[in-house]
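Spelled out from the first residue to the last, the chains are:
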Amino acid sequence: DAGVTQSPTHLIKTRGQQVTLRCSPISGHKSVSWYQQVLGQGPQFIFQYYEKEERGRGNFPDRFSARQFPNYSSELNVNALLLGDSALYLCASSSIGGSEQYFGPGTRLTVT
Amino acid sequence: EDQVTQSPEALRLQEGESSSLNCSYTVSGLRGLFWYRQDPGKGPEFLFTLYSAGEEKEKERLKATLTKKESFLHITAPKPEDSATYLCAVQAGDTGRRALTFGSGTRLQVQP
């Protein structure tokens, strides 16, 4: 079975631009979470969606937004990019009743 | 606020030299404690979930244990391929959120 997939793999953007990252969960999983991981630190929670509704939000500014589609895939949008947004963005999927989260390979975002 | 502290930050072992990694946590109502392995530039790979004090899980050369305040990841006779960053995370059970709170990880290097 395919695991969590994310696209693109790498992305380079300029300060002030906007970016959209995409995630497809494991087949049968209806919950998707997004995390930001800067170098040398553990992942930090950004959003969780299940059944297409936002169920949790971490301590991130309103420049960050997300949505989940009817097929349970998800997009993370970041507006007005700052240098500090450079990080590995991770998507994780889980079943509704399960607690384990399975991560994708991540999207490496570089803001110049 | 949920908190996770991992120690040591980095650990260098000789092949075959057993050791333990520590994860101390504070959380309001533990739903689960998770261990992940992360290779450079990749997403975290799920290893174990522990739910209650006294629980133990094993996989190959790894064994995870849990008390009310900390978890240990024991590595027995490690091999160079065990070199990676090991992440610990907790999930609170007293809210509907499923967000994971991560520690900063322990970077393990196993030398042949």
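In what follows, the structure referred to is the one given above.
Below is a short write-up of the structure. Quick caveat: nothing in here was measured; it's all calculated off a predicted structure.

Considerations on the overall build of chain A
Secondary structure summary: chain A contains zero helices and eleven strands in total. Reading the secondary structure of chain A in the N-to-C direction produces β-β-β-β-β-β-β-β-β-β-β. Computed over its C-alpha atoms, the radius of gyration of chain A comes to 13 Å, within 12% of the 13 Å expected for a compact globule of 112 residues. With respect to the principal axes defined by its C-alpha atoms, chain A has extents near 40 × 25 × 25 Å. Within chain A, the proportion of its 112 residues that are buried is 52%. Restricting the contact set of chain A to residue pairs at least 6 apart, pairs at least 24 apart contribute 52%. Carbon and sulfur atoms make up 48% of the accessible area of chain A, which totals about 5200 Å². In chain A, 10 positive and 8 negative side-chain charges are present, and the distance between their average locations comes to 8 Å.

Points about the packing of aromatic side chains
Applying the stated criterion across every chain, the model contains ten aromatic pairs over all chains. Consider the rings of Tyr-35 of chain A and Phe-102 of chain B, whose centres lie 5.9 Å apart with planes at 90 degrees: the pair is edge-to-face. Here Tyr-35 of chain A, found in strand 4 (residues 31–37), pairs with Phe-102 of chain B, found in strand 10 (residues 100–102), and the two come from separate chains. Judged on exposure class, the residue Tyr-35 of chain A and its partner Phe-102 of chain B are both buried. Chaining the aromatic ring pairs together yields one cluster made of Tyr-35, Phe-45, Tyr-102 and Phe-103 of chain A together with Tyr-36, Phe-46 and Phe-102 of chain B. Against the face of Tyr-50 of chain A rests Arg-55 of chain A, its NZ or CZ located 4.3 Å from the ring centre.

Some thoughts on the pairing of strand 9 (residues 87–94) of chain A
All names here are of chain A. With eight of its eight residues buried, strand 9 lies for the most part within the structure. What you see with strand 9 is no split at all: Ala-87, Tyr-89, Cys-91 and Ser-93 on one side and Leu-88, Leu-90, Ala-92 and Ser-94 on the other are buried throughout. When strand 4 meets strand 9, the two strands line up antiparallel, connected through seven bridges. Among the inter-strand pairings, Ser-33 is bridged to a residue of strand 9, identified as Ala-92. Pairing analysis gives three bridges linking strand 9 to strand 11 (residues 107–111), with the strands arranged antiparallel. Each residue of the ladder has a partner; that of Tyr-89, found in strand 11, is Thr-107. Relative to strand 10 (residues 102–103), strand 9 is paired through two bridges, and the arrangement is antiparallel. Its bridge partner being in strand 10, Ala-92 is matched across the sheet by Phe-103.

What counts and what doesn't
- Residues numbered from 1 in each chain as written.
- Chains lettered and ligands numbered in written order.
- Predicted model: local features only at pLDDT ≥ 70, side-chain atom pairs only at ≥ 80, totals over all residues.
- Heavy atoms only, no water.
- Helix = DSSP H or I, 4+ residues; strand = E, 2+ residues; numbered from the N terminus.
- Rg over C-alpha atoms; globule rule 2.2 N^0.38 Å.
- Buried < 20%, exposed > 50% of the residue type's maximum accessible area, 1.4 Å probe, protein only.
- Contact = heavy atoms within 4.5 Å.
- Areas by Shrake-Rupley, 256 points an atom, 1.4 Å probe, with all protein chains shown as cover.
- Lys, Arg positive; Asp, Glu negative; His and termini not counted.
- Charge placed at Lys NZ, Arg CZ, Asp CG, Glu CD.
- Phe/Tyr/Trp six-rings, centres within 6.5 Å; stacked < 30°, edge-to-face > 60°.
- Lys NZ or Arg CZ within 6 Å of the ring centre and 35° of its normal.
- Pairing = 2+ DSSP bridges.

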